[in-house]
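# Remarks on the overall topology
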Amino acid sequence: MKAVVTGGAGFIGSALIRHLIAQGADSVTAFDNLNSGHRKNLEGLSSQVTLAEGDIRDYDAVAAAFSGADLVFHLAAIPSVPRSIKDPVPSHDVNINGSFNVFRAAKDTGVRRVVYAASSSAYGDTEVLPKVESMQANPKSPYAAQKLMGEHYASVFSSCFQLETVSLRFFNVFGPRQDPNSAYSGVLSLFMKALIEGKSPTIFGDGEQSRDFTYVEDVASLVWKAANAKGVSGKVFNAGNGNRYTLNQTWELLQKIAGREIPALFGPPRAGDVKHSQADTTLARLELGHDPQFTFEEGLRRTFEWYRQSLA
Ligand code: UD1
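Residues numbered from 1 in each chain as written. Predicted model: local features only at pLDDT ≥ 70, side-chain atom pairs only at ≥ 80, totals over all residues. Heavy atoms only, no water.

### A look at the packing of helix 2 (residues 59-66) against helix 4 (residues 88-108)
Rules: For helices, the axis comes from a line fit to the C-alpha atoms of the stretch in contact; other axes are also lines fit to C-alpha atoms, and the angle between any two N-to-C directions lies between 0 and 180 degrees. Secondary structure counts use DSSP, requiring at least four H or I residues in a row for a helix and at least two E residues in a row for a strand, with both numbered from the N terminus. Working definition: roughly parallel below 35 degrees, roughly antiparallel above 145 degrees, roughly perpendicular at 65 to 115 degrees, and oblique for all remaining angles. The sense of a crossing depends on the near helix, which, turned anticlockwise from the far helix by less than a right angle, makes the crossing left-handed and, turned clockwise, makes it right-handed. Any two residues having at least one pair of non-hydrogen atoms within 4.5 Å are treated as being in contact. Side-chain classes follow a simple rule in which Ala, Val, Leu, Ile, Met, Phe, Trp, Tyr, Cys and Pro form the nonpolar group, Asp, Glu, Lys and Arg form the charged group, and the remainder, Gly included, forms the polar group.
Closest axis-to-axis distance for the helix 2/helix 4 pair is 9 Å, and the angle between their directions is 45 degrees. Viewed along their axes, helix 2 and helix 4 adopt a mutual orientation that is oblique. Between helix 2 and helix 4 lies a crossing of right-handed hand. Residues Tyr59, Val62, Ala63 and Phe66 of helix 2 lie in contact with helix 4, whose contacting residues are Asn101, Val102, Arg104, Ala105, Ala106 and Asp108. The residue inventory of the contact of helix 2 with helix 4, partitioned by class, reads seven nonpolar, one polar and two charged.

Written out as structure tokens, the structure is:
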């Protein structure tokens, strides 16, 4: 089996590549422009893994990378809700036009299936929790709208162009290798860095917003299941753990894990922020065999240990 992971040098992409190799993939190409991904995330991987430097906005480069591939995992994106509000043009171009290139190139080169990394942000604020796939999507930010458009394209490429596609709505993925050094880094990577440096994190709002933080290895194993499940083409599934924790609870837990007390600072709420996020995992369990292995605390412990070693 030959696979291509767009965004393969990112923290989720590189975890997925490790999982694919463990599952017996013959060769995996990480297609990445190294904008937010890093070469070092692929260090220590076998010769079955190659890095193809390229941008999903470049159709020819994408099609060349996909040639001969059975499976494509489309994770490349410009992430971040606040970045998409501050600077919507690049994220529109990459997340919508780039994703279109990926689906089109996959169809043109005879790829069997594309698994697309969609986002829980598509739901927006819902009155009911947990969030289930049958709910009306209600994006609150350009990023959420862009990721939702990718789902629509995935489904249309399945129905109109006979390309198998599956969309997974990732719920706040965290784990080793998540980059804490950007202004738009995910909150848990920032919390980890603050903890190790003995500094206070800044919590936007009152800290009572909640997230279904999902450990990266559980996401990687669900992505692999989505690549192989039968009768699911064109569909959308939640990829979450099924629980939710407030930021205040999360910072408490992390202080316990690290064995140190550091009070958080509080700043104004962030524009475009969703208040609560929690996945209903029923459909993914029934149709994909989703079976998360890591509790939030276990994921936090493993992640903290990785940052402790790598930031020391
Ligand atoms: C959103 C999506 C997520 C997607 C991600 C990509 C939702 C519910 N989730 O994540 O699925 O993968 O975009 O970028 O829409 N915060 C702080 N202090 C900080 C940084 C963040 O308090 O220093 C807060 C934010 O205001 C937010 C929470 O932490 O309430 C999580 O923020 P972040 O990690 O950026 O992810 P989301 O925007 O929730």
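### Description of the site of the ligand
Convention followed: In this text, near means that some heavy atom of the residue lies within 4 Å of the molecule or strand in question. Whenever a nitrogen or oxygen atom comes within 3.5 Å of another N or O atom, the pair is scored as a polar contact, on the condition that within protein one atom can donate a hydrogen and the other can accept it, and that pairs from neighbouring residues in sequence are kept only if both atoms are in side chains. Per-residue and other accessible areas follow the Shrake-Rupley method at a 1.4 Å probe size, with only the shown protein chains counted as cover for residues.
Around the ligand sit 21 residues in total, of which Val187, Thr202, Phe204, Arg211 and Asp273 are the nearest. One of the backbone nitrogen or oxygen atoms of Ser80 is found 2.9 Å away from an oxygen atom of the ligand. A distance of 2.8 Å separates an oxygen atom of the ligand from a polar backbone atom of Phe204. Across the complex, the protein chains shield 90% of the 750 Å² of accessible surface that the ligand would expose by itself. Mapped by element, the contributors of at least two residues to the shell around the ligand are helix 6 (187-197) and strand 8 (202-204). Partitioned by chemical class, the residues of the shell around the ligand number nine nonpolar, nine polar and three charged.

### A look at the packing of aromatic side chains
Test applied: Side-chain rings of Phe, Tyr and Trp, where Trp is taken by its six-membered ring, are said to pair if the distance between their centres is within 6.5 Å; with planes under 30 degrees apart they count as stacked, over 60 as edge-to-face, and otherwise as tilted. Whether a residue is buried, partly exposed or exposed follows from its accessible area with a 1.4 Å probe, protein chains only, as a fraction of its type maximum: under 20%, in between, or over 50%, in that order. Definition used: whenever NZ (Lys) or CZ (Arg) falls within 6 Å of the ring centre and also within 35 degrees of the ring normal, the charge is taken to sit over that ring.
Counted according to the given criterion, the structure contains 15 aromatic pairs. A ring pair is formed by Phe157 and Phe161, whose centres lie 4.9 Å apart and whose planes are at 50 degrees; its orientation type is tilted. Within this pair, Phe157 and its partner Phe161 are both found in helix 5 (residues 142-161), separated by four residues, close to a single helical turn. With relative accessibility at 2%, the residue Phe157 sits in the buried group. Ring pairs connect the aromatic residues Phe100, Phe103, Tyr116, Tyr153, Phe157 and Phe161, which therefore count as one cluster. Over the aromatic face of Tyr59 sits the side chain of Arg104, whose NZ or CZ is 3.7 Å from the ring centroid. Positioned above the aromatic ring of Tyr123 is the side chain of Arg169, whose terminal nitrogen or guanidinium carbon lies 4.5 Å from the ring centre.

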